[in-house]
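Commentary on secondary and tertiary structure
Now for the letters of each chain:
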Amino acid sequence: MTDSNQTVFADATQVHGDAVIEMDHVDKLFGAFQALTDINLKVARQEVVVIIGPSGSGKSTLIRCINRLEEHDAGRILVDGIELSEDVKNIQEIRRETGMVFQSFNLFPHLTVIDNITLAPRQVRRMPKKEAEALAMELLERVRIPEQAKKYPLQLSGGQQQRVAIARSLAMKPKVMLFDEPTSALDPEMVGEVLDTMKDLAREGMTMIVVTHEMGFAREVADRVVFMADGQIVEVGTPDHFFQNPQEDRTKLFLSQIL
Amino acid sequence: MTTTPPQVARPPLYRNVNVLKWVFQLVVFFIVLAILFWLANNYLTRSQDLGIPTSFDFLDQPTSFDITGADFSPAEPVRNAYLVGIGNTIRISAVGIVFATALGILVGIGRLSRNWVVNKLSTVFVESLRNIPLLVIMTFCFLGIVLQLFPRIEEAWNLGGLVIVSNRGVSVTWFEGTTVAALLGFLFLGVAGWWLIARWRRGVFERTGAPTRAGLLGSSFLILVMVTGWFVLGATVTTPEVAGRAVAGGIRVDPSYFAVLVALVIYTASHIAEITRGSIQAVPKGQGEAGSALALSGSQRLWFVVLPQAMRIAIPPIGNQYLNLIKNSSLGAAFAYFDLTLVAQITVGNGKPAVPAFVLALVFYVVLSLITSTFVNLANRHFKLVER
Amino acid sequence: MTIDTPTLTRGFVARNWARKHLFRTPLDALLTVVFGGLSLYLIYRAFLFVFVNARWEIISSNLKLLMIGRWPNDHVLRVALAIAVLALWGGLIGGLIAGRQRAAGLSVAAGMSISQRVSDLVRRFGLMIATIVLLLLLTDTAGPWLMAIGAGAAGFAGYWMGRAVGARTLGKWMTRLGMLVLAAVPIVVYWYMVSAHPLGEWEGFLFNMTAATAGIILCFPLGVLLALGRRSKLPLLKWMSIAYIEFVRGSPLFVLLLLANVSLEFFVPASLAPSKPIRAVVTFTLFTAAYLAEIVRGGLQSVPRGQEEAAKSLGLSPTKQMFLIVLPQALRNVIPAQIGQFISLFKDTTLAGAALGILDLLAGAEAITSQPDFVGQGLIIESLVFVAFLFWVGSFTMSRESQRLEKRLGVGVR
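Residue numbering note: each chain is counted from 1, following its sequence as written. To label them, take the chains in the order written and letter them from A, then take the ligands in the order written and number them from 1. For a predicted model such as this one, the threshold for reporting local features is a pLDDT of at least 70, and the threshold for listing and counting side-chain atom pairs is 80 or more; totals across whole chains, interfaces and linings nevertheless cover every residue. Here the side-chain values reflect all heavy atoms present in the structure, with hydrogen atoms and water set aside.

All right, on to the overall build of chain B then. Put simply, DSSP marks the helices as runs of H or I at least four residues long and the strands as runs of E at least two long, and each gets a number from the N terminus on. In terms of helices and strands, chain B carries eleven helices and eight strands. In terms of overall size, chain B is more extended than a compact globule, its C-alpha atoms giving a radius of gyration of 28 Å where 388 residues would be expected to give roughly 21 Å. Dimensions of chain B along its principal axes, counting C-alpha atoms only, are 90 × 70 × 45 Å. Whether two residues are in contact is decided by their heavy atoms: any pair within 4.5 Å suffices. Partitioning the intrachain contacts of chain B with sequence separation of at least 6 by distance along the chain shows that 66% fall at a separation of at least 24. Charged-residue counts in this description rest on Lys and Arg as positive and Asp and Glu as negative, His and the chain ends being excluded. Note on charges: their place is set at NZ of Lys, CZ of Arg, CG of Asp or CD of Glu. Averaging the positions of the 28 positive and the 17 negative side-chain charges in chain B gives two centres separated by 18 Å. The size measure is the radius of gyration over C-alpha atoms, and the globule rule it meets is 2.2 Å times the number of residues to the 0.38 power.

Following this line, the structure appears as structure tokens:
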């Protein structure tokens, strides 16, 4: 989180210091359907951006374009200065520098927890096994489930699985963490433990883009809140500004429906 | 702050994802092509060395063999023999499919019966036949039953004066004076009439609520049409009788055809029975319960709720069994049934080039399979549940 | 006054059951009488046949011929040894898997008592063991008995060892060495057998089993490649795969074998001159690959897309995504279908006898009815019943194990 004394630009395209993520006039079409229209967004280092909006507004599509799970059709996306294009080398590098946590966890069921975490560092960064396992145990301590290392994902609860997923992404030491509705598939009593983990991450200075419905999290942790509807960014602001004093009608409508 | 229209840096070709995909495809394609070329080259050069022709000219040459059961002379060109073979394959497949489906569905329902005897008997039928190779069953039917069990012509079994069984074949009461095609024509008319009657009665049911009785009316109409057709065409019945060392009258089902057909039917029926049972069991139990809650009787539940849904599930796997039956009919060649495979085999045995002869046969089987698949897919689409 | 209630209630229950299951309605009663009568008659005739009328000498005197064909008698010991080694090997692998499961706390067997374990094993393999004992009873020497006992002991020993090893984790080089050794064993056994008796002359049930095993193993690489090709979005690859799969699946295996018999040698350089079993196995491989491709394709579809996405977002290359994440899960999901395909191939190996003239179990059974001692006596029925029985036991046991596996895999672990 940035120092809360700094003024935060309401405009999505202004940031203090380095922009880790830059999206310029990005469009995305699924056949005839326009999922993203003229997206302009900059995310600064160590900033926590929370994206909210009704379902179908393009929130997931936006962050999935950042690590090329979806291909954008127009505009530019830059991650840490690297342009996201058809260049294989760029794509691979961007995927190494970003980590993604999915709504349905997507842990690999045929590998143990510790193998899930060490897989990418060993295969992609060519880390030796001992080093990778040490790193994995350290991360499991950080997410507070070191005792589950030898178990298989399906033996864990939903909350534990998601925390393992977070550890798995962190093992690649990414510059940015992308969260796609990380708590939406969890039973209510497990949402807290995952949000706590995410709050720890934010406190430690990780750059995060989080798509979520958890307004409490947004209020507490976000540096900026971005509201999307119908594939466009409607309004951006600090949490205080956003929840107390929304400007756009669409924003007001959405907030009235969920709060 | 306005941004200038974005300029995308073009990546070098060797790192471009799209280019790489095409390069990969082309490389694999050319490797496969190279392998095929090498194989073809081997084949052509060695055939040339041995003086074996590699074209399809053999189709116009005389066959030099007879085909039992068809009037076919050795002077006719090979292509005619192939046509006879295809006809025989289609004949045994079509008849086999009809009988196998009927028997299979009956046994499948039998496996779910509450009658202990019927249940266990069906289970034994299915579990024993499913696990024995078809060739073993066919060999047993031919060498064991027909040649072994069936009596010699002098002591032929006479079943009610309608069927005569011996190791020369089975002669069944049949009709004469007209063709199968003509009778099928009348059958088609009768079925079409039944369908129209069913539609009319359904309209009546919707307007007035009176029971449709479509089955009763439709089947009566069908019978009426068939009987009329019989007399119009001047058909008569012929019953088989033993006359010396042969059987006169009736239609003779020759031993190979009989054995192969029986084996195909019971083998395929055992698979269809499993599919039927599985699909009825796959209909959620709640469906039957909902039917009971709506005061539908047992047979109404079965007919209106369970069977329609079971059929939807069953059509693709049963269609697959039909394809298997068609392919399995090729085993008839091992028992002197003149299907397409035996024709090809004997053609090659008489010195015609092997690869073109067999490849032609394979192509026909593939085409036959594709045609059958298309019909099955049509049926499937017709019965699919409409979803969101 | 005491009333004799126990016997009364017992009689009552049986009558109730009969009423419910045999005579519920008039139609029911009719079916029971007709089919019941028919069944009793058939069982009676079958009994008569098997135990009274049949002349089983044709089988007992030809057992070796039916099982391993005309294997040279001085080398029969090799067969026995090979079977024992393969039993040990199989037991080892089974044990390793069981050990791994135990370590992860996933073992079902661990929760059972000894008597439960024994009854479970008897239920699963009792039929197969009974059949083996029956076959042994048909022989007249001690040799086969010793071989069977030896193989059984080897299998058990292998299982216990494997389980002990599987529970522990070994170092990287030990694991690699172990896997190399395990992969080498079947190859060494094969070479050992072939050096005594060339592959071109393998016959009998041995041929059926070896051809089926070789076919299913060898068809894997091609089958997986075809499945990947069919799923690919790249048009050339997709259409090549579809063409191969649809052509082979529409062709009868019998015709393909006939074709291979007369022409396989033309497609390869003259120096290779493939023997009949090789021609058969090549055809089985190319044939089964197309069916395996469809099975693997189903497996690939069953892996949730999220798995591929997670692997992608971790930076794994497409090849690594497929071979480390998607394919292992895909293959595991369709293990029952793969076993089903093997059973199918096992039964189809009989076609090699009819198409290529190989003296497999079925062809052998037909041939022995022409021996001078047995000719013209209609003993073909005994012969065929024996063949049918062997295939039935093998196929039935494998199907049942496959169903059991399916249930276990489907239940999940949590």
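Looking now at the environment of Gly-56 of chain A. As for its position among the elements, Gly-56 of chain A is in the loop between β3 (48–52) and α1 (59–66). Each C-alpha atom, one on Gly-56 of chain A and one on Thr-251 of chain A, is 15 Å from the other, the two residues being 195 residues apart in sequence.

Residues and elements named next belong to chain C. What counts as a domain boundary in this text is fixed by an automatic or database domain assignment. When its domains are assigned, chain C resolves into domain 1 (14–53), domain 2 (59–71 + 201–414) and domain 3 (72–196). Residue-level contacts link 22 residues of domain 2 with 22 residues of domain 3. Summed over both sides, the interface of domain 2 with domain 3 buries roughly 1,900 Å², with 70% coming from carbon and sulfur. Counting the surface domain 2 buries against domain 3, the share from its top three residues, Trp-71, Trp-202 and Arg-408, is 31%. What counts as a salt bridge is simple: a side-chain nitrogen of Lys or Arg found within 4 Å of a carboxyl oxygen of Asp or Glu. Taken together, domain 2 and domain 3 are joined by two salt bridges. Between Arg-124 and Glu-401 there is a salt bridge whose closest N-O contact spans 2.8 Å. For the purposes of these results, a polar contact is taken to be a pair of N or O atoms within 3.5 Å, where, inside protein, one atom must be able to donate a hydrogen and its partner to accept one; residues adjacent in sequence count only when each atom of the pair is a side-chain atom. Joining domain 2 to domain 3, the criterion identifies six residue pairs in polar contact (both at pLDDT 80 or more). Taken together, the elements giving at least two residues each to the side of domain 2 that touches domain 3 come down to α3 (57–60), α4 (63–68) and α18 (380–411). Put simply, buried area is the surface a 1.4 Å probe can reach on two separate parts but cannot reach once they are joined, added for both.

Let us now look at the pairing of strand β2 (residues 33–44) of chain A. Residues and elements named next belong to chain A. Strands are treated as partners if at least two bridges between them are detected by DSSP. Both strand β1 (residues 19–30) and β2 contribute to a ladder of eight bridges, which runs antiparallel. Bridging across to β2, Leu-29 finds its partner in Gln-34. The loop that links β1 with its antiparallel partner β2 comprises two residues; one of these, Gly-31, has a positive phi angle of about 65 degrees.

Residue and element names in this part refer to chain C. Here Thr-285 shows up in helix α12 (residues 276–302). In this structure Thr-285 comes out as buried when scored by relative accessible area, which is 11%. Setting aside residues no more than four positions away along its own chain, Thr-285 makes contact with Gly-215, Leu-218 and Cys-219. Each residue is placed in one exposure class: buried if its accessible area under a 1.4 Å probe, protein chains only, is under 20% of its type's maximum, exposed if it is over 50%, and partly exposed if it falls in between.

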